[in-house]
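Observations on the three-dimensional arrangement
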Amino acid sequence: AYPFFFTFIVIETIFRFITKKTQSLHIADSIASLSAFIISTIPYMLARSVELEMYIKIYQRYNWIQLPWNLPRTWWLCLFGVDLAYYFAHRLGHEINLFWIAHQVHHSSQEYNLNVGLRQSFLQPYFTWIFYLPLATCIPPSIFLVHMQFSVIYQFWIHTEVIDNLGPLEYIIVTPKHHRVHHARNPQYINKNYGGIFIFWDYIFGTFEEEDEQEVYGLTKPIDSWNPVSIQLYSLFESIKRFYNTLGILDKLAVWWKGPGWCPGAPRLGHKAYIPKVDPRTFVKYDFQASFLYQYYCLIHFILILIASQLLLQPYVKVLGQTMILSAIGFIIFSLYSFGILLEERSHAPFIEYCRCSLYLFIDLYLSSSYAGIASWSSSVTVVRTIFLFSCFTWITRGLQIMIKKKNNSL
């Protein structure tokens, strides 16, 4: 599905420019969102899907109701069952802080576009799988897997401002209009519209909210960073600090199992009056703009990492050795971190990026000498080498300029 996702991201971006719904590319936010996507796929490079693995184990032991895979009712039951399980997994992802630590990554962008649909946490699969296990008592794993994939693909397209009202469908399925409300930080929109495919779950369980005010997107306590490592771990570190600063063992434990807005003496989900009010007309997004060269440099190198992780590494995970897989994952995370600090123009970013490019060339040299035919088989590899060589020269020069400037300022 990855080519499908990226194709529609490009189409949406072009359409937004043509219709003047956006004036800039928001390169930094797009890279941050897609970096989160790459990080979220890393667990699947190391092991099988937690959801599918546990589902199969439960199905093999506790398949109490035998439903034929070729009957329509089995497929319909699975469709509604998966979506209902998703509703509760999603709802508790907002209402239990331990789960929110993972899910907040998806809500951390102050933009709302298809890129955000891929902005996920690497921890998310480890918190959601348990909600689907009851289906294993009757639904074959093959049908479950099909509906899980359908759910993921369906939820991608609803992350857009391009599509407005879909008429009568608004009462049946989750639409972009519904999901925009869910992603907003406006006080009246908090903890609303959890549905994945069908919106009637929200009507049934009292969590539906109509879109009647311009949304302001993002977290009530913004991260304000393009660094994907910070985005992934921000809420975890904040929760650990709250845990240590909270008095009493029961209140300490409540930091994890009550809502992310909870504090001692407050209701389980916190006081709604404490949610910061926002005015869409005056709200200022975090939009630190690195220089033109920094942004497009990061875009070019990010595309290389995206291709390497999704098209080159993932398909060959089973045939590569563990050392090579772990080394590749380490280099990917290091690269995404480097892009993040470059886009924030941190003073140490040029030195980190120089080390990254040098490390790539060292690895390339090692592979070329140790595995003849692997690292030098294509002319495209020569192009990549040239890009990294030029990048090394650029960043060592930039680093020396920064050192000379600091030295002159200290005199």
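What comes next concerns the included structure. (Residues numbered from 1 in each chain as written. Predicted model: local features only at pLDDT ≥ 70, side-chain atom pairs only at ≥ 80, totals over all residues. Heavy atoms only, no water.)

**Quick word on the overall build of the chain**
As a reminder of what qualifies: Labels follow the DSSP assignment, with helices taken as runs of H or I lasting at least four residues and strands as runs of E lasting at least two, numbered in each case from the N terminus. In this setup the radius of gyration rests on C-alpha atoms only. A globule is expected at 2.2 Å times the number of residues raised to 0.38. Here a residue-residue contact requires only that any non-hydrogen atoms of the pair lie within 4.5 Å. Throughout, the Shrake-Rupley method with a 1.4 Å probe supplies accessible areas, and for residues the shown protein chains are the sole cover considered. A positive count includes Lys and Arg, and a negative count includes Asp and Glu. His and the chain ends are not counted in either. Positions of charges follow a simple convention, taking NZ of Lys, CZ of Arg, CG of Asp or CD of Glu.
When helices and strands are tallied, the chain shows 16 helices and 0 strands. Taking 411 residues into account, the globule formula puts the C-alpha radius of gyration at 22 Å, and the chain, at 23 Å, falls close to it. Pairs at least 24 apart in sequence give 74% of the contacts found in the chain among residues at least 6 apart. Accessible area for the chain stands at about 21300 Å²; split by element, carbon and sulfur atoms hold 68% of it. In the chain, 31 side chains carry a positive charge and 26 a negative one; their mean positions are 7 Å apart.

**Section: the side chain of Glu95**
Note the cut-off: Each residue is assigned to one of three classes by its accessible area relative to the maximum for its type, calculated with a 1.4 Å probe on protein chains only: buried under 20%, partly exposed between the two thresholds, exposed over 50%. N or O atoms within 3.5 Å of each other form a polar contact, as long as, within protein, one can give a hydrogen and the other can take it, and as long as residues adjacent in sequence are counted only when both atoms are side-chain atoms.
With respect to the element layout, Glu95 can be found in helix α4 (residues 72-95). We classify Glu95 as buried; its relative accessible area is 6%. At 3.2 Å, the side chain of Glu95 and the side chain of Arg268 are in polar contact. In contact with Glu95, other than residues within four places in its own chain, are Tyr194, Trp257, Lys258, Gly259, Pro260, Arg268 and Leu269.

**Structural notes on the nonpolar core**
Our working rule: Only buried Ala, Val, Leu, Ile, Met, Phe, Trp, Tyr and Cys residues count toward a nonpolar core, and they belong to the same one when joined by side-chain atoms within 4.5 Å.
Ranked by internal contacts, the top residues of the largest apolar core, which has 42 residues, are Ile38, Leu118, Cys298, Phe302, Ile305, Leu336 and Leu342. Looking at this core, the elements with two or more residues in it are α1 (2-18), α2 (27-46), α5 (97-107), α13 (292-313), α14 (322-343), α15 (349-370) and α16 (379-410). The next biggest cluster of nonpolar side chains, apart from the first, holds 24 residues, and it includes Val82, Tyr132, Leu135 and Trp256.

**Describing the pattern of salt bridges**
Opposite charge on two side chains permits them to pair, given that their charged atoms come into close proximity. Using the following cut-off: Criterion for a salt bridge: a side-chain nitrogen of Lys or Arg within 4 Å of a carboxyl oxygen of Asp or Glu.
The tally for this structure, following the rule as stated, stands at 14 salt bridges. For Glu211, the salt bridge identified is with Arg180, shortest N-O distance 3.0 Å. Placement of the pair is Glu211 in the loop between α10 (200-205) and α11 (228-245) and Arg180 in helix α9 (residues 176-183), with a sequence separation of 31 residues. You'll find Glu211 and Arg180 in the same group, each marked buried. Each of Arg91, Glu95 and Arg268 takes part in one network of salt bridges that share partners.

Shape is all these values report; function is a separate question.
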